[in-house]
Amino acid sequence: MRTQVVIIGAGPAGLLFGQLLQKQGIENVILEQRSGEYVLSRVRAGLIEEGTVRLLERAGVGQRLHREGLVHEGIEISFGGGRHRIDFRKLTGKAITIYGQTEITRDLMEARSVTGAPTFYEAPAVSLHDTSSERPRVRYRKDTLEAEIECDFIAGCDGFHGISRRTVPEAAIRTYERVHPFGWLGILSETPPVSPELIYVNHERGFALCSMRSQTRSRLYLQCRVDDNIEDWPDERFWGELKLRLDPSAAAAVVTGPAIEKSIAPLRSFVAEPIRFGRLFLAGDAAHIVPPTGAKGLNLAASDVYYLSQAFAEFYEAKSTGGLDTYSDRALARVWQAERFSWWMTRLLHCFPEDSGFDQKVQRAELEFLARSVSAQATLAENYVGLPY
Ligand code: APR
Ligand code: PHB
């Protein structure tokens, strides 16, 4: 088999990239190791920047997003028993949209099936070959058989644990990593949101976040220990702890109910550099991870594949390798901005086990400065709503 681009991974990065290539008339095949149902069962973040909304519209999947997505013009930061609103609309003219990553994935899968472009599910890529040549190949497994696809380019959109990044020789790649000393315990529940806008909570018992998926569905997170297990957190303990970390009026507004999903995720900052190796390009979580505090993971996957789709259009339409040559630097410049912001939000809002009394006082001073300084709020808002493309 032969195609122009083999995309490894049918997460948001791979599916959005495939859809952008379809729009440009560039033939592509997606290989995904899991089933479509499994991919859709993963509960992930759900906050999208305006730039990402525009890109999803361009990919032809903006309709349901506009119908069902919740447009938010600000967030609240809670500490010391009070809440402080950051008004994105006033400070930046922009808003963000809450729309679950699972829903974006579903929309992209449907759009792809309409185009008839091939996606092979339960078909893991097992090895990449000749990635420095003009005819790279990907070997993959389907059932008990192995097969090979020849292509012009390979897009490694196979997430943090995928094989694409791992096939790069160690001498050709540098990685930067920080694993944070806590995790996020997240639940989804069929209960109304605690408040109309997201509340990010700094509390001596640990960080908390009240988010949502709809007017009837909450997505809530608590900072927990990295070595905590789900069994340590029965629903009653979760709700009790959440109320302890919220200010009194938010705590009084909590409606409890059974968790329909519960998981613990470690917090990690990670960047690989470069993210282009001959004819292999990494995008999304395969290339970088941000802690979720800045809500940038999905948006970075989108910006990567936007730059990459532009580069491929230039290559096939204008026979220019300019975009391919600058992809890594262009995408990573944006990634580092998001790494910086995500780290800053994480540092501002969490309890760090190793913090001294001095560190805790400085953290509180920073929160108080944010609460009264319009320019500090504007800086947060500008980063949160995202950079223009
Ligand atoms: N062959 C085929 N598919 C693979 C392989 C392989 N060898 N290894 C991994 N995959 C698949 C995974 O099963 C997964 O479906 O690649 C996909 C990667 O998807 P994601 O992990 O969702 O990564 P990405 O598309 O980059 O999305 C980034 O997801 O983790 C969140 O916060 C992150 O929102 C961001 C988004
Ligand atoms: C979510 O709704 O899942 C969410 C929102 C904001 C974040 C992280 C996660 O910073």
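These notes cover the structure that comes with them. (Residues numbered from 1 in each chain as written. Chains lettered and ligands numbered in written order. Predicted model: local features only at pLDDT ≥ 70, side-chain atom pairs only at ≥ 80, totals over all residues. Heavy atoms only, no water.)

So, on to the overall build of the protein. Across its full length, the protein carries 12 helices and 20 strands. Here the C-alpha atoms of the protein give a radius of gyration of 21 Å, agreeing with the 21 Å that 2.2 N^0.38 yields for 389 residues. A burial count over the protein gives 55% of its 389 residues as buried. When contacts within the protein are restricted to residue pairs at least 6 apart in sequence, those whose partners lie at least 24 apart make up 71%. If you sum the accessible surface of the protein, you get close to 16800 Å²; carbon and sulfur atoms cover 50% of it. Averaging the positions of the 46 positive and the 50 negative side-chain charges in the protein gives two centres separated by 2 Å. (Helix = DSSP H or I, 4+ residues; strand = E, 2+ residues; numbered from the N terminus. Rg over C-alpha atoms; globule rule 2.2 N^0.38 Å. Buried < 20%, exposed > 50% of the residue type's maximum accessible area, 1.4 Å probe, protein only. Contact = heavy atoms within 4.5 Å. Areas by Shrake-Rupley, 256 points an atom, 1.4 Å probe, with all protein chains shown as cover. Lys, Arg positive; Asp, Glu negative; His and termini not counted. Charge placed at Lys NZ, Arg CZ, Asp CG, Glu CD.)

What follows deals with the packing of aromatic side chains. Centre-to-centre distance and the angle between the planes together describe a pair of aromatic rings. Enumeration over the complete set of coordinates arrives at 24 aromatic pairs. Among the aromatic residues, those joined into a ring-pair cluster are Phe88, Trp184, Tyr200, Phe207, Tyr221, Phe341, Trp344 and Tyr384. Cation over ring: Arg34 sits above Tyr38, and NZ or CZ is 4.2 Å from the ring centre. Positioned over the ring face of Trp233 is Arg237, at 3.6 Å from the centre of the ring. (Phe/Tyr/Trp six-rings, centres within 6.5 Å; stacked < 30°, edge-to-face > 60°. Lys NZ or Arg CZ within 6 Å of the ring centre and 35° of its normal.)

With that settled, the discussion passes to the site of ligand 2. In the vicinity of ligand 2 lie 14 residues, with Tyr200, Ser211, Arg213, Tyr221 and Pro292 positioned nearest. Ser211 places a side-chain nitrogen or oxygen 2.6 Å from an oxygen atom of ligand 2. For the shell around ligand 2, the secondary structure elements donating two or more residues are strand 15 (208–214) and strand 16 (217–224). It is strand 15 that provides the largest number of residues to the shell around ligand 2, a total of three residues. Split by residue class, the shell around ligand 2 holds nine nonpolar, three polar and two charged. (Near = heavy atom within 4 Å. Polar contact = N/O pair within 3.5 Å; in protein donor to acceptor, adjacent residues only side chain to side chain. Nonpolar A, V, L, I, M, F, W, Y, C, P; charged D, E, K, R; others polar.)

With that settled, the discussion passes to the packing of helix 1 (residues 12–23) against helix 6 (residues 101–115). Where helix 1 contacts helix 6, the two axes come as close as 9 Å, and the packing angle between them is 35°. The interaxial crossing formed by helix 1 with helix 6 has left-handed handedness. Here Pro12, Leu15, Leu16, Gly18, Gln19 and Gln22 of helix 1 come into contact with helix 6, specifically with Gln101, Thr105, Leu108, Met109, Ala111, Arg112 and Thr115. Per-class residue counts for the contact of helix 1 with helix 6 are six nonpolar, six polar and one charged. (Axes fitted to C-alpha atoms, helices over the stretch in contact; angles between N-to-C directions. Left-handed = near helix turned anticlockwise from the far one by under 90°.)

With that settled, consider the sheet that holds strand 4 (residues 70–72). The sheet built from three strands is open, its strands ordered 3-7-4 with antiparallel pairing. If you trace the sheet from one side to the other, it starts and ends with strand 3 (47–48) and strand 4, each paired once. Two strands pair when backbone bridges link them, and strand 3 and strand 7 (residues 96–98) are joined in this way by two bridges, in the antiparallel orientation. Bridge pairing in strand 7 places Ile48 opposite Thr97. (Pairing = 2+ DSSP bridges.)

Before going further, it helps to examine the site of ligand 1. In the region of ligand 1, 24 residues are neighbours, and Glu32, Arg42, Arg44, Gln101 and Asp285 sit closest. Within the backbone of Pro12, a nitrogen or oxygen atom sits 3.3 Å from an oxygen atom of ligand 1. Taking Gln33, its main chain carries an N or O atom lying 3.1 Å from a nitrogen atom of ligand 1. Taking 720 Å² as the accessible area of ligand 1 by itself, protein coverage stands at 90%. Where the shell around ligand 1 is concerned, the elements lending two or more residues are helix 1 and helix 9 (297–318). The dominant element in the shell around ligand 1, judged by the number of residues it contributes, is helix 9, at three residues. Class assignment for the residues of the shell around ligand 1 results in 10 nonpolar, eight polar and six charged.

Take Asn383: it is sitting in helix 12 (residues 374–385). Looking at Asn383, its side chain comes within polar contact range of the main-chain oxygen of Thr379, at 2.8 Å. Apart from the residues lying within four places of it in its own chain, the contact partners of Asn383 are Lys296, Arg340 and Phe341.

Moving on to the sheet that holds strand 18 (residues 276–277). The six strands lie next to each other as 8-2-1-12-19-18, forming an open sheet whose pairing is mixed. Each edge of the open sheet is held by one strand with a lone partner, namely strand 8 (119–120) and strand 18. Pairing of strand 1 (residues 5–8) with strand 12 (residues 153–156), which is carried by four bridges, proceeds in the parallel orientation. Residue pairing for strand 12: Val5 is matched across the bridge by Phe153.

Turning our eyes to something else, we now look at the pairing of strand 10 (residues 137–142). Looking at chain direction, strand 9 (residues 125–129) and strand 10 are connected through four bridges and run antiparallel. Along strand 10, the bridge assignment pairs Leu128 with Val138. Bridge count for strand 10 against strand 11 (residues 145–150) is six bridges, and the pairing is antiparallel. Counted as the bridge partner of Lys142 is Leu145 from strand 11. Between strand 10 and strand 11, which pair antiparallel and follow one another directly, the connecting turn spans two residues, one of which, Asp143, has a positive phi of 55°.

Time to look at the environment of Gln19. Inspection of the secondary structure puts Gln19 in helix 1. Relative accessible area serves as the criterion here: at 3%, Gln19 is assigned to the buried category. Sequence spacing of Gln19 and Gly60 is 41 residues, and the spatial spacing of their C-alpha atoms is 8.2 Å. There is a polar contact of 3.4 Å between the side chain of Gln19 and the backbone oxygen of Ala59.

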